[in-house]
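# Remarks on the overall topology
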Amino acid sequence: MHEEPIDPFSGDPADPAAGLDDITDDAEPDTLTAAERQDVIEDLADLEVYQALLGAVGIRGLVIECEDCREPHYFDWDLLRGNLRHLLSSGRPRVHEPAFNPDPDHYVTWEYARGYADGVHDTLHEESEDPDHQH
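Because the structure is predicted, anything quoted here is derived from the model rather than measured.

## Side note on the overall build of the chain
Helix and strand counts for the chain come out as three helices and three strands. Mapped in sequence order, the helices and strands of the chain form the string α-β-β-α-β-α. Sorting the 135 residues of the chain into buried and exposed places 21% on the buried side. Relative to all contacts within the chain whose residues are 6 or more apart in sequence, the contacts with residues 24 or more apart total 65%. Surface exposure of the chain reaches about 10,200 Å², of which carbon and sulfur atoms provide 51%.

Below, the structure written as structure tokens:
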């Protein structure tokens, strides 16, 4: 006799697999609005810049405060890129889990990454406008 394992999330409204029974391979993807789609495309472009700048100094990815569980979730660059591409193609975010034992020193927030990139841009822009600057 083979018994199925008990679902630890049975009846839990925060079940991470909730709604998966409704998803089939031939189901129509949810659609993002034009503005949402543009935001995801911009996030993908920003992610490339952040990885180029921050990866060079040992940052492995971004940390995002999860709205559902109020815990920080750590995403390496490739996983985050994959999640954004999945959102573009399917219209829905992937079910996610926190990384196993990540080192928080190797992850930064979107805001930090944006500020870092802006700082690098501003510094390069100022140097290019300074005629007395020696290269």
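## Section: the pairing of strand E1 (residues 61-65)
Sheet topology places E1 next to strand E2 (residues 72-76); five bridges connect them, and they run antiparallel. Bridge pairing in E2 places Glu 65 opposite Pro 72. With two bridges connecting them, E1 and strand E3 (residues 107-108) associate as parallel partners. Within E3, the position partnered with Gly 61 by the bridge is Tyr 107.

## Digging into the nonpolar core
Nonpolar side chains in soluble globular proteins generally cluster together in the buried interior. Membership of the largest hydrophobic core comes to 17 residues, with the highest contact counts inside it found for Leu 47, Tyr 50, Leu 54, Leu 62 and Trp 77. Residue assignment for this core shows that the elements contributing at least two residues are helix H1 (34-55), helix H2 (77-90) and helix H3 (110-129). If sequence neighbours within four positions are ignored, Trp 77 has contacts with Leu 47, Tyr 50, Gln 51, Leu 54, Gly 55, Ile 59, Arg 60, Gly 61 and Leu 62.

## Topic: the sheet that holds E1
The strand order E2-E1-E3 describes an open sheet built from three strands, whose pairing is mixed. The sheet terminates laterally at E2 and E3, the two strands that pair on one side only. The strands touched by H2 are E1 and E2; relative to E2, the strand with the most contacts, the crossing angle is about 95°. H3 contacts E1 and E3 of the sheet and is inclined by roughly 135° relative to E1.

## Section: the packing of H1 against H3
Taken N-terminus to C-terminus, the directions of H1 and H3 make an angle of 70°; their axes are 10 Å apart at the nearest point. Classified by the angle between their axes, H1 and H3 sit roughly perpendicular to one another. Across the interface between the two elements, Asp 43, Asp 46, Leu 47, Val 49, Tyr 50, Leu 53 and Leu 54 from H1 touch Trp 110, Tyr 112, Ala 113, Arg 114, Tyr 116, Ala 117 and Val 120 from H3. Looking at the contact of H1 with H3, its residues break down into eleven nonpolar, no polar and three charged.

## Brief notes about unusual backbone geometry
Notably, Arg 70 is not glycine yet its phi reads approximately 60°, a positive angle. Note on placement: Arg 70 falls in the loop between E1 and E2. For Arg 70, a relative accessible area of 61% gives the class exposed.

So, how was this worked out
Think of each chain on its own: its residues are numbered from 1, step by step along the sequence as written. Reporting of local features is limited, given that this is a predicted model, to residues whose pLDDT is at least 70; pairs of side-chain atoms are given and counted only at 80 or more, and all residues count toward the totals for whole chains, interfaces and linings. No hydrogens and no water enter the side-chain calculation; it runs on all heavy atoms of the structure. Per the convention used, a helix needs a DSSP run of H or I reaching at least four residues, while a strand needs a run of E reaching at least two, with both numbered from the N terminus. Partly exposed residues are those whose accessible area sits between 20% and 50% of the maximum for their type, while under 20% is buried and over 50% is exposed, using a 1.4 Å probe and protein chains only. Any two residues whose heavy atoms approach within 4.5 Å at even a single point are treated as in contact. Computed by Shrake-Rupley with a 1.4 Å probe, the accessible areas treat only the displayed protein chains as cover when residues are assessed. In this description, strands pair whenever DSSP reports at least two bridges between them. By nonpolar core we mean a set of buried residues, namely Ala, Val, Leu, Ile, Met, Phe, Trp, Tyr and Cys, connected to one another through side-chain atoms within 4.5 Å. The axes are straight lines fitted to the C-alpha atoms, using for helices just the contacting stretch, and the angles between their N-to-C directions are given from 0 to 180°. Angle categories: roughly parallel below 35 degrees, roughly antiparallel above 145, roughly perpendicular from 65 to 115, and oblique for all the rest. When residues are grouped by polarity, Ala, Val, Leu, Ile, Met, Phe, Trp, Tyr, Cys and Pro land in nonpolar, Asp, Glu, Lys and Arg in charged, and all others, Gly among them, in polar.

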